[in-house]
Amino acid sequence: MKDVINSTAENPGVIIETKKLTKRYGELLVLDEIDEVIHEGEKVAIIGPSGSGKSTFLRCLNCMEDPTSGSVIFEGVDLADLKVNINTSREHIGMVFQQFNLFNNKTIIENIMLAPVYVAIRELNKKKRRNFFTRIANLFRKEKRELIPITETKASIKAGARERAMALLERIGLEEKADVYPSTLSGGQKQRVAIVRALAMNPKVILFDEPTSALDPEMVGEVLDLMRDLAKEGMTMVIVTHEMGFARECADRVLFMDGGKIEEQGTPDELFKNPKSERLREFLSKVL
């Protein structure tokens, strides 16, 4: 099995690359052989009309949508390869949805702790299993193999995850909401919790799928402020958005999608001040 793609190794700093990324739903072509590269630390905004393929492209970047053909290469691993276990890579790709996707039967802090605790306990159990089989095999070996050092317990993992979750809640000013349920929060508060839930996994990139589209106008600002802070801290971000002001202010690069293709891209100044295509000029005339 060949997991490592040479082209990524030849391009240091590339965190995600797509090659001829194509997505079809039956006869409907949604993504048309997209080649794109996203570098570590880049803030990339994706704009375009409804139905242009923006959200599908974003969801294909971590294979929440399986590509029909083509490659999605994350740190040298082709996530579209059916032989690859993509869950390991997904642990480093945060995702923030339009509708928050919080678990309503869990408290806020439980929502934030869920994935880190699951992954850490899974790894702990793997180490314990390996040590168990090493002990058995050592009974028959002349030269005994060392066991994997284990310094954590399930209790310490949960305690560490709770401490990290509380620190994240303090960052967004919601520490007093730790033990309440999502139904008691406003839309803006839910989305901020969804963002710090993604941060709890220490991701290398976060994908945002129209994170403000489900919010009342007065709640949009508090979510965008948090995203601005992440951008300033150097987080790699790919953002599908209708917030043109945010794209202009925070993005390093803007992609304009239409008809399943990236029709035009460049810096915010290049796209917003000097659009080259008639289609982009038409789009901007309606949204600016």
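Along each chain, residue indices are assigned from 1 in the same order as the chain's sequence is written. Two thresholds apply to this predicted model, a pLDDT of at least 70 for residue-level local features and 80 or more for giving and counting side-chain atom pairs, whereas whole-chain, interface and lining totals are computed over all residues. To get the side-chain values, all heavy atoms of the structure are used, and hydrogens and water are removed first.

Each patch is built from residues that are more than 30% exposed by relative accessible area and take part in no salt bridge. Like charges join if they lie within 9 Å; nonpolar side chains (Val, Leu, Ile, Met, Phe, Trp, Tyr) join within 5 Å. Calculation of accessible area relied on Shrake-Rupley with a 1.4 Å probe; when residues are assessed, cover is drawn exclusively from the protein chains displayed. Definition used for salt bridges: Asp or Glu carboxyl oxygen within 4 Å of a side-chain nitrogen of Lys or Arg. Residues F132, F133, I136, L139 and F140 make up a contiguous nonpolar surface patch of about 620 Å² in total accessible area. The topology assignment puts L139 in the loop between α4 (108-138) and α5 (154-171). The helix and strand labels rest on DSSP assignments: H or I over at least four residues marks a helix, E over at least two residues marks a strand, and numbering proceeds from the N terminus.

Pairing of aromatic rings covers Phe, Tyr and Trp, the last through its six-membered ring, and needs centres within 6.5 Å; plane angles under 30 degrees mean stacked, over 60 mean edge-to-face, and all others mean tilted. For the structure shown, the criterion picks out two aromatic pairs. Between F132 and F133, the aromatic rings sit 5.3 Å apart at their centres with planes inclined by 75°, giving edge-to-face as the arrangement. Among the residues examined, F132 registers a relative accessible area of 47% and is labelled partly exposed. Ring centres 5.4 Å apart and planes at 40° place the aromatic pair F256 and F283 in the tilted group. Here F256 is found in strand β9 (residues 253-258), whereas its partner F283 is found in helix α10 (residues 278-287), with 27 residues between them in sequence. The exposure classification of F256 matches that of F283, with both residues buried. When accessible area is computed with a 1.4 Å probe and restricted to protein chains, residues below 20% of their type maximum are described as buried, those above 50% as exposed, and intermediate ones as partly exposed.

Per residue, pLDDT captures the predictor's confidence, and it can take any value from 0 to 100. Chain-level pLDDT for the chain is 93 on average; 96% of the residues reach the 70-or-more range. In the predicted structure, residues 1-9 sits below a pLDDT of 50 and forms 20 contacts with residues beyond four places in sequence or in another chain. When checking whether two residues touch, look at their non-hydrogen atoms; a contact exists if any pair is within 4.5 Å.

Topologically, T18 is positioned in strand β1 (residues 14-25). For T18, a relative accessible area of 3% translates into the label buried. A distance of 3.1 Å separates the side chain of T18 from the backbone oxygen of I34, its partner in a polar contact. Excluding anything up to four places from it in sequence, T18 contacts I34, D35, E36, F57, L61 and S71. A 3.5 Å cut-off defines polar contacts: any pair of N or O atoms within that distance qualifies, except that in protein one atom must be a possible hydrogen donor and the other a possible acceptor, and neighbouring residues in sequence count only when both atoms are side-chain atoms.

Between the first and last residue of a helix there are one fewer steps than residues, each counted as 1.5 Å, and that sum is the expected span. Taking 1.5 Å per residue, 13 residues should reach 18 Å; helix α6 (residues 187-199) reaches 19 Å between its end C-alpha atoms and fits that length. Of all the 13 residues making up α6, 12 are buried; the element is thus mostly covered by neighbouring parts of the structure. The complete set of buried residues in α6 reads G187, G188, Q189, Q191, R192, V193, A194, I195, V196, R197, A198 and L199. Looking at the buried side of α6, the elements it contacts are β6 (93-96), α4, α5, β7 (205-209) and α7 (217-232).

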